[in-house]
Amino acid sequence: MIKKHEIYKTDKWNMMTVEVQGKYLVLREISEEWGEECHTFLSRPALMHWAERRFPKEDFENREEEWRALMAAFKGV
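None of these values were measured; they are calculated from a predicted model.

Draft legend 1. Region of interest: the packing of aromatic side chains. Summed over the entire model, instances satisfying the criterion amount to 5 aromatic pairs. On the basis of an interplanar angle of 90° and a centroid distance of 6.4 Å, the ring pair of tryptophan 50 and phenylalanine 55 is categorised as edge-to-face. On the basis of relative accessible area, tryptophan 50 is assigned to the buried category, the value being 11%.

Given below as structure tokens:
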């Protein structure tokens with residue numbers, strides 16, 4: 001059984017989902033700039049490490065609530 005988590009979605013192009021496929025976590029990031037990128041993780045700590053590097057808190061200056069919501073979505077996987 002595959003469980004799918006939606007991290008964020010603004011439209012059909014700008015979205016990120018994580019699928020739990022057994023012991024694997026498959027993250028799909030779709031953007032209108034880069035197309036689709038797929039990352040596979042073997043653990044939740046590896047996923048969180050990637051998320052913290054991909055979305056550094058410094059990039060969300062004056063938007064800390066948005067950053068907290070994004071990290072909470074990753075932690076909810």
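Draft legend 2. Structural detail: helix α1 (residues 44–54). Every buried residue belonging to α1 is among Leu47, Met48, Trp50 and Ala51, and all of these are buried. Taken around the axis of α1, the buried residues stretch over an arc of 160°, which confines them to a single face. Turned more than 90 degrees off the buried face of α1, the exposed positions are Pro45 and Arg53. Residues of α1 that are buried sit in contact with β2 (15–21), β3 (24–31), β4 (35–41) and α2 (64–75).

Draft legend 3. Fine view of the pairing of strand β1 (residues 2–9). Alignment of β1 against β2, held across 7 bridges, turns out to be antiparallel. Bridge assignment links isoleucine 2 to a residue of β2, and that residue is glutamine 21. Linking two consecutive strands that pair antiparallel, namely β1 and β2, is a turn of 5 residues.

About the thresholds
Throughout this document, residue positions are counted from 1 along each chain, in the order its sequence is written. Residue-level local features of this predicted model are given only where pLDDT is at least 70; pairs of side-chain atoms are given and counted only at 80 or more, and the full residue set underlies all totals for whole chains, interfaces and linings. Processing note: side-chain calculations cover all non-hydrogen atoms of the structure and skip hydrogens and water entirely. Centres within 6.5 Å are what make two rings of Phe, Tyr or Trp a pair, Trp counting through its six-membered ring; a difference in plane orientation under 30 degrees is then read as stacked, over 60 as edge-to-face, and the rest as tilted. Only protein chains enter the area calculation, which uses a 1.4 Å probe; residues under 20% of their type maximum are buried, those over 50% are exposed, and those in between are partly exposed. A run of H or I in DSSP counts as a helix once it spans at least four residues, and a run of E counts as a strand once it spans at least two, with each numbered from the N terminus. As used here, the arc is the angular range of directions from the helix axis to the C-beta atoms. Note on contacts: a residue pair is in contact if any heavy atoms of the two residues lie within 4.5 Å. By the convention used here, strands pair only if DSSP detects at least 2 bridges between them.

By themselves, these figures tell us nothing about what the structure is for.
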